[in-house]
Amino acid sequence: ENGEIIEKSDINSEALQAFYEKHYDEALEIFASNETLSHLTSTNYWIMMGTLLISLFISSFFFYLIMPLLLKNKGTLAQLMFKIGCCDVLSDGMPTKLKLFIRYISFFLASFVVPLVIYNFLPYLSVLIVSLELILICVTKDRIGIHDAVSKTYLIDLRNEVLINKNKNIDD
């Protein structure tokens, strides 16, 4: 009555479960019968999804595109930590800015956009889509992901090899 929560030890769990089920069903009926409430919830959901995609785009844009463009070995933060580098399949040298851009866009689409879109229709399938990148890296001979296949790049171990910038004059 005064906003205090009083814990009772003589509560029947079955009665409590029936109470919650009844009120849950009533809430669903109210929600289903009120078009405005349903529309507002749907609008808020899509605003949340859009905000999530924008946030992911901004953060991944910095870590997966801007950092590689600014750093000497054209690597991401994880590539720097594990001493690996991104290599162009055609030249066996550092990738061009265009290749890095294609690699980033395909990474963003495969890792964020496609799983979120699929999540809206088939939530359990989105887990498989997210895992597809890791599965491909584990089972392909060259250990490349979707973004590497699309951008025609691969990773090398910089502890054993030196990455040469063969595209110094042809920067794009």
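Refer to the preceding data block for the structure.
A short tour of the structure in this document, coming up. All chains use their own residue numbering, which begins from 1 and follows the written sequence. With pLDDT at 70 or above as the cut-off, local features in this predicted model cover only qualifying residues; side-chain atom pairs require 80 or more to be listed or tallied, and sums for whole chains, interfaces and linings still use all residues. Only heavy atoms go into the side-chain values, all of them from the structure, while hydrogens and water stay out.

**A short note on the nonpolar core**
- Only buried residues count toward a nonpolar core, which is a set of Ala, Val, Leu, Ile, Met, Phe, Trp, Tyr and Cys residues joined through side-chain atoms within 4.5 Å. For the exposure calls, accessible area comes from a 1.4 Å probe over protein chains only, and a residue counts as buried if that area is under 20% of its type's maximum, exposed if over 50%, partly exposed in between. By size, the foremost hydrophobic cluster in this structure holds six residues: Leu 65, Leu 100, Tyr 104, Phe 107, Phe 108 and Phe 112.
- In this description a helix means any DSSP run of H or I spanning at least four residues, a strand means any run of E spanning at least two, and both kinds are numbered starting from the N terminus. Counting residues per element, this core draws most heavily on helix α4 (residues 97–121), at five residues.
- Contacts are assigned to residue pairs with any non-hydrogen atoms lying within 4.5 Å of each other. In this structure, Phe 112 is in contact with Leu 53, Leu 56, Ser 60 and Phe 107, ignoring residues within four places of it in sequence.

**Here we look at the side chain of Arg 103**
- Tracing the chain through its elements places Arg 103 in helix α4.
- Arg 103 sits in the buried class, given a relative accessible area of 10%.
- Those residues in contact with Arg 103, other than ones at most four positions away along the chain, are Gln 79, Cys 86, His 147, Asp 148, Ser 151, Thr 153 and Leu 155.

**Here we look at the layout of surface pockets**
- When its volume is computed, the largest pocket comes out at roughly 440 Å³.
- A per-element tally of the lining of the largest pocket places α4 first, with five residues. Each cavity reported here is a set of points on a 1 Å grid over the protein atoms alone in which a 1.4 Å probe fits but cannot get out, each pocket an open set with protein on both sides within 12 Å along at least five of seven lines, and each lining residue one with an atom within 4 Å of a point. Grid points are joined across faces, edges and corners, and a volume is the space filled by probe spheres set on the points.

**Structural notes on the pattern of salt bridges**
- By convention in these notes, a salt bridge is any Lys or Arg side-chain nitrogen within 4 Å of a carboxyl oxygen on Asp or Glu. By the definition in use, this model includes three salt bridges.
- Put simply, Lys 99 and Asp 88 hold a salt bridge, and the shortest N to O gap is 3.3 Å. Of this pair, Lys 99 sits in helix α4 while Asp 88 sits in strand β1 (residues 84–88), and the two are 11 residues apart along the sequence. Exposure class is identical for Lys 99 and Asp 88. Each is buried.

**Focus: a nonpolar patch on the surface**
- Patch membership requires more than 30% relative accessible area and the absence of a salt bridge. Residues of like charge join within 9 Å; the nonpolar side chains Val, Leu, Ile, Met, Phe, Trp and Tyr join within 5 Å. With residues, only the protein chains shown are counted as cover, and all accessible areas are computed by Shrake-Rupley using a 1.4 Å probe. Residues Val 117, Phe 121, Leu 122, Leu 125, Leu 128, Leu 132, Ile 135 and Val 139 make up a contiguous nonpolar surface patch of roughly 740 Å² in combined accessible area.
- Secondary structure elements with two or more residues in the nonpolar patch: α4 and α5 (123–139).
- With respect to the helices, strands and loops of the structure, Leu 122 is situated in the loop between α4 and α5.
- Residue class for Leu 122 comes out partly exposed when judged on its relative accessible area of 48%.

**Digging into unusual backbone geometry**
- Positive phi outside glycine occurs at Lys 83, with the angle close to 55°.
- By secondary structure assignment, the location of Lys 83 is in the loop between α3 (77–81) and β1.
- The residue Asp 92 is not glycine, and still its phi comes out positive at about 55°.
- Along the chain, Asp 92 turns up in the loop between β1 and α4.

All quantities given are derived from atomic positions and should not be read as evidence of function.
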